[in-house]
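# Observations on the three-dimensional arrangement
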Amino acid sequence: KNSEEDIHEMFIAANTLQKNGEDNEACVLYTYVLELIFKDPGSIQNEDYYVCKPNNKGESNVIPISGVSFNLGKSYLILNHLNEAKQCFEKSIKLNPDNWVHSHHYLGVVKIKLGDFTTCINDFENALKIDENNSDSLYMLGVAYTSESCELQSLEKATEYLTKYLELKPNDSSALSLIDAIKNK
């Protein structure tokens, strides 16, 4: 077999590496998978779906390029390679803006880690447009709106999002503490 026939197997192997916490190795493999995919543009459908060559059973697997970009971004985030993670999440969103709730969420997380407590709000809100009960995005909106580094700081909005979050996760001590801190401001 040549490497182009094994793209799907490499993608699965990268997912396994990521799941096992081997993010450096996963990044290398995800990057290689993307390189191979883009060497074969004729097999890309709708800009986001790579149709693998048939395996020995005659089956063709499909790999969402936005999913590879998301997974690569997640590993970069874990490794604290924030600018690379940001680029990957942006690429995932560009390829499939309505499908990857977690790409929007993690893009917001990366921006907060980079000190941007303002534009991350749009990312978390985009995640909520896809899944209005995305508790992680609700919580992070509370964090962003609470921050003095946020140009749109609003303790009222922070409380609103944290209250919605607590409806989903009523015993979360971090959210309860943040609401208490807001009340004491």
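Report follows, based on the coordinates.

Rules and cut-offs
- Residues numbered from 1 in each chain as written.
- Predicted model: local features only at pLDDT ≥ 70, side-chain atom pairs only at ≥ 80, totals over all residues.
- Heavy atoms only, no water.
- Helix = DSSP H or I, 4+ residues; strand = E, 2+ residues; numbered from the N terminus.
- Expected span 1.5 Å × (residues − 1).
- Buried < 20%, exposed > 50% of the residue type's maximum accessible area, 1.4 Å probe, protein only.
- Contact = heavy atoms within 4.5 Å.
- Pairing = 2+ DSSP bridges.
- Axes fitted to C-alpha atoms, helices over the stretch in contact; angles between N-to-C directions.
- Core = buried A, V, L, I, M, F, W, Y, C linked by side-chain atoms within 4.5 Å.
- Phe/Tyr/Trp six-rings, centres within 6.5 Å; stacked < 30°, edge-to-face > 60°.

The subject of this paragraph is helix 5 (residues 101-113). The end-to-end C-alpha separation of helix 5 is 19 Å, in line with the 18 Å expected for 13 residues at 1.5 Å each. Across the 13 residues that make up helix 5, a large majority, 10, are buried. Along helix 5, the residues that are buried comprise Val101, Ser103, His104, His105, Leu107, Gly108, Val109, Val110, Lys111 and Ile112. Considering only its buried residues, helix 5 is in contact with helix 3 (65-78), helix 4 (82-95), helix 6 (120-130) and helix 7 (135-146).

Here 3 strands make up an open sheet; going across it, the order is 1-2-3 and the pairing antiparallel. Because the sheet does not close on itself, it has two edges, and the strands there are strand 1 (44-45) and strand 3 (62-64). In this structure, strand 1 lies alongside strand 2 (residues 49-51), joined through 2 bridges in antiparallel fashion. Residue pairing in the sheet places Ile44 in a bridge with Tyr50 of strand 2. Sitting on the sheet, helix 3 touches strand 1, strand 2 and strand 3, and the angle it makes with strand 3 is about 50°.

Attention now moves to the nonpolar core. Counting residues in hydrophobic clusters, the biggest one holds 52 residues, and the most contacted among them are Ile7 and Ile63. With 8 residues, the single largest contributor to this core is helix 2 (residues 23-38).

Our focus in this paragraph is the packing of aromatic side chains. Under the counting rule described, the total for this entry stands at 7 aromatic pairs. Relative to Tyr165, the ring of Tyr139 lies with its centre 5.2 Å away and its plane at 55°, an arrangement referred to as tilted. Residue Tyr139 is found in helix 7, and its partner Tyr165 is found in helix 8 (residues 155-168); the two are separated by 26 residues along the sequence. Judged by relative accessible area, which is 4%, Tyr165 ranks as buried.

Summarising the element assignment, Thr118 is placed in the loop between helix 5 and helix 6. A relative accessible area of 15% places Thr118 in the buried class. If sequence neighbours within four positions are ignored, Thr118 has contacts with Ser149, Cys150, Glu151 and Leu152.

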